[in-house]
Amino acid sequence: TATTFYDSDADLSLIQGRTVAVIGYGSQGHAHALSLRDCGVDVRVGLAEGSSSRTKAEAEGLRVVDVATAAAEADLIMILVPDQVQAEVYDRAIAANLQDGDALFFAHGFNVRYGYITAPDGVDVALVAPKGPGHVVRREFEAGRGVPALVAVEQDASGQARDLALAYAKGIGGTRAGVIETTFTEETESDLFGEQAVLCGGASQLVQYGFETLVEAGYQPEIAYFEVLHELKLIVDLMVEGGLAKQRWSISDTAEFGDYVSGPRVIDPRVKENMKAVLGDIQSGAFARRFMDDQKAGAPEFARLRRQAEQHPIEQTGRHLRQMFAWLKDSDDDYTEGTAA
Ligand code: NDP
Ligand code: MG
Ligand code: MG
């Protein structure tokens, strides 16, 4: 079983003794900066000139400076800008401001695993990856709880990198819930695989095929939407609470029997072969290269795929039907229907 750490395994004074720069103030950035600050850590936020996040961070009383200044002042730099811009931000504003004894932290191993960022030998390189969106990380911290996190050490120049990572995890509430040790390679590859094969790619495609199958057979799109998309959340909530068994315990016997009989017909062994091929592209770096090369070219493939996905008929039906759910309207995130691009 995995090595797990809790509050008593982490020494907050290690992070309280550091000068921390949180680069980026988005989903993860705001949660880390605010919770570390609440733990008495000396935090500054590094943002580009003219960044739209600036007013939000300043409204919380955080000190906001440009990325190079933040990196120069700090001896622990947590990079929380989007993965595809990290290497450019690192090369331009961080690399020259790293000294021996500094620590470079990440919340996802992508850039280190695929060689887009390589820190100097004298610098600790570690990962603290909360297993939840930043807004939940912050909400749980404020409630006196925490979101579980992963920690990993890629480069241990100080001999203290793991303790420092655990202290950081404690400062954002992670050790209240439990922190599991991993490696940059395992975290990166398993994270990419999970989101591509199951959580995002797999689930989205499954929902779309289910919707198409019903609608093409003459069922009303609204009914199809309820059955293959809306109710998914109810099932997933049960899985999270008690695994596949609790889901099967809660549903009707009819549904449970159909699960056993038809699940393996829909998701047959060929799907597992496809998953292995997806994993192969993640392990070889082919996926990372395709994503980053497209980003460098101005993301034409990404834009085309996004436009195409938005045009699927299930999105039209969903926009209309979601008006019926009063509670879906008071979500506190920044997402607006139809403006994902
Ligand atoms: P976000 O997309 O929310 O980060 C946006 C922030 O980065 C904004 O403050 C934005 O500023 C800033 N930014 C964007 N481009 C630049 C740039 N070129 N220079 C300086 N600042 C820039 O990122 P996430 O929080 O989603 O992800 C951060 C890291 O955390 C990633 O490594 C991700 O994989 C990881 N992670 C994310 C999770 C999540 O749930 N979101 C979960 C676990 C890990 P502006 O306002 O100017 O746009
Ligand atoms: Mg991910
Ligand atoms: Mg039903």
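Residue positions within a chain follow its written sequence, with the count starting from 1. Lettering for chains starts from A, numbering for ligands starts from 1, and both go in the order in which the items are written. The predicted origin of the model limits local features to residues at a pLDDT of at least 70 and limits the giving and counting of side-chain atom pairs to 80 or more, whereas totals for whole chains, interfaces and linings rest on all residues.

**Side note on the overall build of the protein**
Part 1: What the protein contains, in helices and strands, is 18 helices and nine strands.
Part 2: With C-alpha atoms as the basis for the radius of gyration, the globule rule is written as 2.2 Å multiplied by the number of residues raised to the power 0.38. Against the globule reference of 20 Å for 341 residues, the protein gives a C-alpha radius of gyration of 22 Å, in line with a compact fold.
Part 3: Viewed in the frame of its principal axes, the protein has a C-alpha envelope of about 65 × 45 × 45 Å.
Part 4: Across the 341 residues of the protein, 32% fall into the buried class. Only DSSP runs of H or I with at least four residues qualify as helices, and only runs of E with at least two residues qualify as strands; both kinds are numbered from the N terminus onward. Working definition of burial: number of other C-beta atoms within 10 Å of the residue's own, with buried at 20 or more, exposed at 12 or fewer, and partly exposed in between, all C-beta atoms being placed from the backbone.

**Describing the UniProt feature "binding site: Mg(2+) 2" (unreviewed entry) in the protein**
Part 1: UniProt positions are given in the numbering used here, feature names are shortened, and annotations may be inferred rather than shown by experiment. The feature "binding site: Mg(2+) 2" (unreviewed entry), as given by UniProt, occupies D191, E227 and E231 in the numbering adopted here. In sequence the annotated residues extend across 41 residues, and in space they extend as well, their farthest C-alpha pair lying 28.3 Å apart.
Part 2: Mapped onto the fold, D191 is located in helix 10 (residues 184-199).
Part 3: Relative to the assigned elements, E227 resides in helix 12 (residues 221-230).

**Notes on the UniProt feature "binding site: NADP(+)" (unreviewed entry) in the protein**
Part 1: In this structure's numbering, the residues bearing the UniProt feature "binding site: NADP(+)" (unreviewed entry) are Y25, G26, S27, Q28, S51, S53 and G134.
Part 2: Assignment of secondary structure puts S53 in the loop between strand 3 (42-46) and helix 3 (54-59).
Part 3: Taking the number of C-beta atoms within 10 Å as the measure of exposure, S53 has 16 and is therefore partly exposed.
Part 4: In this view, S53 contacts Y25, G26 and L47; residues no more than four positions away in its chain are not counted.
Part 5: Overall, G134 belongs to the buried group, with 21 C-beta atoms counted inside 10 Å.
Part 6: Contacts of G134, omitting those with residues within four sequence positions, involve S27, Q28, H30 and A31. A residue pair is marked as a contact if its C-beta atoms, positioned from the backbone, fall within 7 Å.

**As for the packing of helix 11 (residues 201-216) against helix 12**
Part 1: The N-to-C vectors of helix 11 and helix 12 enclose an angle of 145°; their axes lie 9 Å apart at closest approach. Between helix 11 and helix 12 lies a crossing of right-handed hand. On the side of helix 11, the interface is formed by V207, G210, F211, L214 and V215, while helix 12 contributes P221, A224, Y225, V228 and L229. In this analysis an axis means a line fitted to C-alpha atoms, helices contributing only their contacting stretch, and an angle means the value between N-to-C directions, from 0 to 180 degrees. The handedness criterion is simple: a crossing whose near helix is rotated anticlockwise from the far helix by less than a right angle is left-handed, and one whose near helix is rotated clockwise is right-handed.

**A look at the site of ligand 1**
Part 1: What makes a residue near a molecule or strand is its C-beta atom, placed from the backbone, lying within 6 Å of it. Taken together, 24 residues surround ligand 1, and among them G24, G26, S51, S53 and H108 come closest.
Part 2: Elements represented by at least two residues in the shell around ligand 1 include exactly helix 2 (27-38), helix 5 (83-94) and strand 7 (124-130).
Part 3: Gly is placed with the polar residues, together with every amino acid not listed as nonpolar (Ala, Val, Leu, Ile, Met, Phe, Trp, Tyr, Cys and Pro) or charged (Asp, Glu, Lys and Arg). Classifying every residue of the shell around ligand 1 gives 13 nonpolar, ten polar and one charged.

**Quick word on the environment of E181**
Part 1: Its location among the elements puts E181 in strand 9 (residues 179-181).
Part 2: For the pair E181 and E195, spaced 14 residues apart in the sequence, the C-alpha separation amounts to 20 Å.

**Digging into the sheet that holds strand 4 (residues 63-65)**
Part 1: Strand order in the open sheet made by the nine strands is 1-9-8-7-6-5-2-3-4, with mixed pairing throughout. The open sheet has two free edges, formed respectively by strand 1 (4-5) and strand 4, since each of these has just one partner strand.
Part 2: Pairing between two strands is assigned when DSSP locates at least 2 bridges connecting them. Summarising the sheet, strand 2 (residues 19-23) and strand 5 (residues 76-79) pair through four bridges and their orientation is parallel. Across the sheet, residue V20 finds its bridge partner in strand 5, namely L76.

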